[in-house]
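Here is how the chains run, residue by residue.
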Amino acid sequence: MIKQGIINFFKNLKYFFTPLGAIALGLIFGLSVLIPGTLNSLSVFAGDVQTIMSDTSVDINVLKDSAVAAVKALDWTDPVNALKTMLSNGWIMQMLEKYIGSFVENTEGYTQQFANSVNTLSNEMATYIAIVLSFAVLGFIGGYFLTKCLIRKDIAKRSIWKFLINALVDAIITATIVALFLWFLSIWKPSIIFSTILSVLLYGFIALLEAYVVHAYKKVPFGKIVNVKNIFKLYLTDAIIFVVAAACIFVLTILTNALVGIFVGIVLMEIAFIVISLNAEAYVKMLTEQAQPTANTQTA
């Protein structure tokens, strides 16, 4: 099981560009809203600044160059913090005051007038960023399900009726466990701690049980699949795959930068979790396929 799980992880890295492409497509849709919207907001903001500073010798082009320089000066090795800083009202006000203060002695009279314009700009930028993130999340979700379908086809293919059986068994088991946990919680509050630990421990048993019902019922002895040894191996396999994926992300981040690490990390972890979710089925399916030729030979 351990060897098969690790091989499945590396083998299915061939689908690396499927979730990455889906996320990229989501970002493209998001940027198609962000870019024109940002340009329009900045144009309106520049007009507001020009109106407020109409009695001074403000050069909008110089202000624009100053803003670009200020954005470039941010630490883009940490893109998340850089964006948070850039979208904050305080940073925009500091940038304006620094520029205006170079030729206006009393900036306080202008600062108050800039407040509304700055708030409007930052709110609009935050909205555009939220739209980009929403499209990226949709791309991630779509890429996840598409990648899972492709990986399942390779390592744990099943028919529609088996899918329905698995869904039914999963629903029954989940409902039973949830009902038991809620009952324990109703009679003893501290049981939530033990219930959480127990649910983690039950994961391996449930995964192997569902895989047995779907793929190996009446084909392989129940005890050969659902046992303590296999449950432990399943946990160990999942842990190894997770650690390997995390190590790859860490090394790649060190060799490149945080931005590459984030995108590659999302994709690698996506593939890792998909393989982990299918490990039990892949293992049981393999045992079933190995057992069938033996059974056919005995029948003959």
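Definitions and limits used
- Residues numbered from 1 in each chain as written.
- Predicted model: local features only at pLDDT ≥ 70, side-chain atom pairs only at ≥ 80, totals over all residues.
- Heavy atoms only, no water.
- Helix = DSSP H or I, 4+ residues; strand = E, 2+ residues; numbered from the N terminus.
- Buried < 20%, exposed > 50% of the residue type's maximum accessible area, 1.4 Å probe, protein only.
- Contact = heavy atoms within 4.5 Å.
- Areas by Shrake-Rupley, 256 points an atom, 1.4 Å probe, with all protein chains shown as cover.
- Core = buried A, V, L, I, M, F, W, Y, C linked by side-chain atoms within 4.5 Å.
- Axes fitted to C-alpha atoms, helices over the stretch in contact; angles between N-to-C directions.
- Parallel < 35°, antiparallel > 145°, perpendicular 65-115°, else oblique.
- Left-handed = near helix turned anticlockwise from the far one by under 90°.
- Phe/Tyr/Trp six-rings, centres within 6.5 Å; stacked < 30°, edge-to-face > 60°.

### Considering the overall build of the protein
When you go through the protein residue by residue, the secondary structure sums to 11 helices and 0 strands. When the elements of the protein are put in sequence order from the N terminus, they spell out α-α-α-α-α-α-α-α-α-α-α. Residues classed as buried in the protein amount to 36% of the 300 residues present. Intrachain contacts of the protein at a sequence separation of at least 6 include 79% that bridge at least 24 residues. Summed over all atoms, the accessible surface of the protein reaches about 17500 Å², with 70% contributed by carbon and sulfur.

### Thoughts on the nonpolar core
In terms of nonpolar packing, the biggest core is built from 20 residues, with Phe9, Ile151, Ile155, Ile241, Ile271 and Val275 touching the most fellow members. At the level of secondary structure, the elements contributing two or more residues to this core comprise helix 6 (108-155), helix 10 (228-255) and helix 11 (258-299). Here this core gets 11 residues from one element, more than from any other, and that element is helix 11. Ile155 has contacts with Asn8, Lys11, Asn12, Leu278, Ala282 and Lys285, leaving out every residue within four places of it along the chain. Residues Val49, Ile52, Val118 and Met125 belong to the second largest nonpolar core, which totals 19 residues.

### Regarding the packing of helix 1 (residues 2-11) against helix 10
Running from amino to carboxyl end, helix 1 crosses helix 10 at an angle of 30°, the nearest separation of the two axes being 9 Å. As summarised for this structure, helix 1 and helix 10 are arranged roughly parallel, according to the angle between their axes. Two packed elements cross with a definite hand, and for helix 1 against helix 10 that hand is right-handed. Side by side, helix 1 and helix 10 meet where Ile2, Gly5, Ile6, Phe9 and Phe10 of the first sit next to Lys233, Leu236, Thr237, Ile240, Ile241, Val244 and Ala245 of the second.

### With respect to the environment of Leu287
In this structure, Leu287 sits in helix 11. The exposure class of Leu287 is buried, given its relative accessible area of 10%. Taking the C-alpha atoms as reference points, Leu287 and Val220, 67 residues apart in sequence, are found 7.6 Å from one another. Each residue touching Leu287, except ones within four places of it in the same chain, is listed here: Val220 and Ile225.

### What about unusual backbone geometry?
The backbone of Lys218 sits at a positive phi, close to 65°, despite the residue not being glycine. Position of Lys218 relative to the elements: it lies in the loop between helix 8 (191-216) and helix 9 (222-225).

### Description of the packing of aromatic side chains
In the structure shown here, the tally under the stated rule is 8 aromatic pairs. Taking 5.3 Å as the distance between ring centres and 70° as the angle between the ring planes, the aromatic pair formed by Phe9 and Phe10 counts as edge-to-face. Judged by its relative accessible area of 2%, Phe9 is buried. The partly exposed category is assigned to Phe10, whose relative accessible area is 43%. Residues Phe242 and Phe273 carry aromatic rings whose centres are separated by 6.1 Å and whose planes lie at 55° to one another, so their mutual orientation is tilted. Here Phe242, found in helix 10, pairs with Phe273, found in helix 11; they are 31 residues apart in sequence, far enough to count as distant. Members of the aromatic cluster, connected to one another through ring pairs, are Tyr212, Tyr217 and Phe222.

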